[in-house]
Amino acid sequence: MTSRGFSPTGIRFENIEKRYGGLAALRRIRFEIAPGECVALAGRNGSGKTTLLRIAAGLVCPSSGELTFPSAAGASAGAAPVTSKTEAVRAKPSAGFVAHATMVYDELTAEENLLLFARLQQTPNATERVEKLLHEVGLFDRRSSLVRTFSRGMRQRVAIARALLHEPSILLLDEPSTGLDPQGVGWLAATLRQLRDAGCTILMSLHGESEISMLATRAIRLDAGLIVADTRTGAEVRSILTFADA
């Protein structure tokens with residue numbers, strides 16, 4: 001999936017809080033993801049998983065706290081507190097994000113969608129990179145079709161390809177297997193395994209056990225904006241994922 005090595009980068013959440021008026025979506029979230037780690041976020045709807053991912057992607061600014069990206073060598077990229085949306089976006093430009101909504105343009109073709117984002121991200125050799133990804137996600141034969149004609153699973157494949165365009169060192173995924181058929185889930189699992197093994201840091205929200213969850217080297221469960229379980233403190237991945245889905 002990737003043609004170059006990653007510069008291993010972690011993610012550090014330091015007392016992150018997010019409030020929407022009187023509602024606390026996240027409350028003093030404090031943990032660190034090591035460079036190259038694959039972490040599964042679990043929790044019921046409304047537990048704070050999506051908010052945490054959006055903060056990590058730089059799309060939402062925390063109400064308080066610091067978000068930093070330490071390197072494997074111990075240095076820190078974006079070490080200053082993330083205090084504005086502009087700073088948040090700038091903090092980790094190499095992160096790839098797949099949201100629960102695909103966020104693709106219906107009136108563009110699959111190829112046009114990817115070329116647009118490749119050029120916005122200043123991806124080298126954009127045309128070749130897009131063609132390669134279209135082959136890998138199984139959409140090359142439909143590259144000239146408008147996305148509005150695609151099924152939910154096909155749209156999800158376009159969204160995943162978009163996140164991989166610039167070969168990110170950090171990949172953030174919000175329920176990435178949504179809409180995918182068994183073949184698509186198998187393809188995604190193989191792709192994420194290759195990225196994980198190459199040193200990409202992965203943070204993904206999941207529901208229950210699956211072929212995707214088996215890739216996780218660590219699992220964290222959120223409840224009402226708090227971390228209530230972490231395999232780093234002795235919990236088992238399976239118990240975290242199955243409890244959250246109950």
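Structure first, text after, so check above.
Just so it is clear, the structure is predicted and the values come from calculations on it, not from any experiment.

1. Section: the sheet that holds strand S6 (residues 95–98)
No. 1: One open sheet holds the six strands; their spatial order is S6-S7-S8-S3-S9-S10, and the pairing between them is mixed. The open sheet has two edge strands with one neighbour each: S6 and strand S10 (226–230). Taken over all neighbouring pairs, the strand axes of this sheet differ in orientation by 20° on average, direction set aside.
No. 2: Where strand S9 (residues 218–223) and S10 come together, four bridges link them in antiparallel fashion. Paired with Leu 222 across the bridge in S10 is Ile 227.

2. Here's the deal with the packing of helix H3 (residues 110–120) against helix H5 (residues 152–164)
No. 1: The N-to-C vectors of H3 and H5 enclose an angle of 25°; their axes lie 10 Å apart at closest approach. Accordingly, the angle class assigned to the pair H3 and H5 is roughly parallel. Both H3 and H5 take part in a crossing whose hand is right-handed. Packed against H3, whose contacting residues are Ala 110, Asn 113, Leu 114 and Phe 117, the element H5 presents Val 158, Ala 161 and Arg 162 at the interface.
No. 2: Looking at the contact of H3 with H5, its residues break down into five nonpolar, one polar and one charged.

3. Remarks on the environment of Asp 174
No. 1: Counting through the fold element by element, Asp 174 comes out in strand S7 (residues 170–174).
No. 2: A relative accessible area of 2% means that Asp 174 is categorised as buried.
No. 3: Linking Asp 174 and Leu 203, residues 29 residues apart in sequence, is a C-alpha distance of 8.6 Å.
No. 4: Ignoring sequence-local partners within four residues, the contact set of Asp 174 consists of Thr 50, Leu 53, Val 98, Ala 99, His 100 and Ser 205.

4. So, the pairing of S6
No. 1: Going residue by residue along S6, you find Ala 95 and Phe 97 tucked away on one face and Gly 96 and Val 98 tucked away on the opposite face as well.
No. 2: Relative to S7, S6 runs parallel, the two sharing four bridges. Across the sheet, residue Ala 95 finds its bridge partner in S7, namely Ile 170.

Each value, and the rule that gives it
Residues numbered from 1 in each chain as written. Predicted model: local features only at pLDDT ≥ 70, side-chain atom pairs only at ≥ 80, totals over all residues. Heavy atoms only, no water. Pairing = 2+ DSSP bridges. Helix = DSSP H or I, 4+ residues; strand = E, 2+ residues; numbered from the N terminus. Axes fitted to C-alpha atoms, helices over the stretch in contact; angles between N-to-C directions. Parallel < 35°, antiparallel > 145°, perpendicular 65-115°, else oblique. Left-handed = near helix turned anticlockwise from the far one by under 90°. Contact = heavy atoms within 4.5 Å. Nonpolar A, V, L, I, M, F, W, Y, C, P; charged D, E, K, R; others polar. Buried < 20%, exposed > 50% of the residue type's maximum accessible area, 1.4 Å probe, protein only.

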